[in-house]
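Residue-level structure breakdown
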Amino acid sequence: MIKVLIADNHPIIRMGVRKVLESAEGFELIDEVATTEELFEKLKDTTPDVVMLEMDIPNVNGIAALRRIKKDYADVKVLMYSGQSEDVYALSAIRAGAFGYLSKSSGVEYITAAVTKVSEGSMFITNELAQRLAFDEGTKKPRRFFRKLSTREIEVLKLLASGKRNKEVALGLNLNEKTVSTYKARLMKKLNVDNMVDLLQQAKALELY
């Protein structure tokens, strides 16, 4: 049996995933939580094979929570899933150590396939997503833009785009405020802009908000 823990702050989503896993053979849903605070409390007492982790779960963002799981609970494999722009966040999640990424717009049948593959220590992304990560749909040429941004830079950009000030970004990501300023300068250079207005327009173009 593959032991699964769901971490998502949307009750309807948790119920839907639970129904899918309960109706399939070989899965045991050991618990579900709505915040990262609850998640790490549960991980003190139980060891799931797979944590299904929502990217925008409250308390600590999904990437930061993923890093902590990798550090403190190395045997637990993480399948990230989200309704956010998957072209950006799938690569970000996998770079940070996730074993897979599943978009909430994917077909229901992908849930059991993804959990199974991740539990085996294999990487899971859909074929459609793999194509979109590799190729620009407009030009059909290899996509290089997103590879320019590190996982941390994407996190900082997303928080800035949501209206957070440097100090709030620093608190949210457990960084020094000066470090956030450094990331902001790097983002401006990489995205070829020289002011916050243009930076936020780029973030909007990347569907970060």
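Attention in this report is confined to the structure presented alongside it. Treat the numbers as computed from the prediction; the structure is a model and nothing was measured.

What follows is about helix α8 (residues 166-173). Among the residues of α8, those classed as buried are N166, V169, A170 and L173. With its buried residues spanning 100 degrees around the axis, α8 presents them on a single face. Seen from the buried face of α8, the exposed residues on the opposite side, beyond 90 degrees, are K167 and L171. On its buried face, α8 sits against α7 (151-161) and α9 (177-190). Within two residues after α8, N174 carries a phi angle of roughly 55 degrees, on the positive side.

Taken as a whole and judged by the stated rule, the model has one aromatic pair. If you follow R68 out to its NZ or CZ, it ends over the ring of F40, 3.8 Å from the centre.

Turning next to the nonpolar core. Counting 41 residues, the largest nonpolar core has L39, V51, L53, I69, M80, V156 and L199 as its most contacted members. Here this core gets five residues from one element, more than from any other, and that element is α7. Split by domain, the residues of this core number at least three in each of domain 1 (2-133) and domain 2 (142-205). Sequence-distant contacts of M80, that is, excluding residues within four places in its chain, are made with L53, M55, G62, I63, L66, A93, A98, G100, Y101 and L102. Counting residues in each nonpolar core, the second largest holds 17 residues, with I2, V17, F27 and M52 among its members.

Reading across the sheet, the five strands line up as β2-β1-β3-β4-β5 and stay open at both edges, with parallel pairing between neighbours. Only two strands of the sheet have a single neighbouring strand rather than two, namely β2 (27-33) and β5 (100-103). Here the average twist between neighbouring strands, direction ignored, is 25 degrees. For strand β3 (residues 50-54) and strand β4 (residues 77-82), the ladder comprises five bridges, and the chain directions are parallel. Bridge pairing in β4 places E54 opposite Y81. Seen against the sheet, helix α2 (residues 36-45) touches β1 (2-7), β2 and β3 and runs at an angle of roughly 130 degrees to β2.

A few words on the pairing of β4. With five of six residues buried, β4 is to be regarded as a mostly interior element. With helix α3 (residues 62-72) bridging β3 and the parallel β4, this β-α-β connection has right-handed handedness. In the sheet, β4 pairs with β5 via four bridges, with the strands oriented parallel. The partner of S82 across the bridge, within β5, is S103.

The next point concerns α2. Those residues of α2 that sit buried are T36, L39, F40 and L43. Viewed end-on, α2 has its buried residues packed into an arc of 90 degrees, placing them on one side of the element. Across from the buried face of α2, at angles greater than 90 degrees, the exposed residues are E37, K44 and D45. Looking at the buried positions of α2, the neighbouring elements they touch are β1, β2, β3 and α3.

Right, let's talk about the pattern of salt bridges for a bit. With the rule as written, the count across this model stands at eleven salt bridges. D8 is the partner of K104 in a salt bridge, and the nearest nitrogen-oxygen pair spans 3.2 Å. With K104 in the loop between β5 and α5 (109-119) and D8 in the loop between β1 and α1 (11-23), the pair connects residues that are 96 residues apart, well separated along the chain. D8 gets classed as buried once you look at its relative accessible area, which sits at 0%. Its salt-bridge partner being D31, residue K42 comes within 3.0 Å of it at the nearest N-O pair. Taken together, the positions of K42 in helix α2 and D31 in strand β2 put the pair eleven residues apart, joining distant regions of the chain. Among the residues examined, D31 registers a relative accessible area of 24% and is labelled partly exposed. Overlapping salt bridges bring together D8, E54 and K104 as one network.

Conventions adopted
- Residues numbered from 1 in each chain as written.
- Predicted model: local features only at pLDDT ≥ 70, side-chain atom pairs only at ≥ 80, totals over all residues.
- Heavy atoms only, no water.
- Buried < 20%, exposed > 50% of the residue type's maximum accessible area, 1.4 Å probe, protein only.
- Helix = DSSP H or I, 4+ residues; strand = E, 2+ residues; numbered from the N terminus.
- Arc of directions from axis to C-beta.
- Contact = heavy atoms within 4.5 Å.
- Phe/Tyr/Trp six-rings, centres within 6.5 Å; stacked < 30°, edge-to-face > 60°.
- Lys NZ or Arg CZ within 6 Å of the ring centre and 35° of its normal.
- Core = buried A, V, L, I, M, F, W, Y, C linked by side-chain atoms within 4.5 Å.
- Domains from an automatic or database assignment.
- Pairing = 2+ DSSP bridges.
- Axes fitted to C-alpha atoms, helices over the stretch in contact; angles between N-to-C directions.
- Right-handed = clockwise from strand over helix to strand, strands pointing away.
- Salt bridge = Lys/Arg side-chain N within 4 Å of Asp/Glu carboxyl O.

That's the geometry; what it means functionally is another story.
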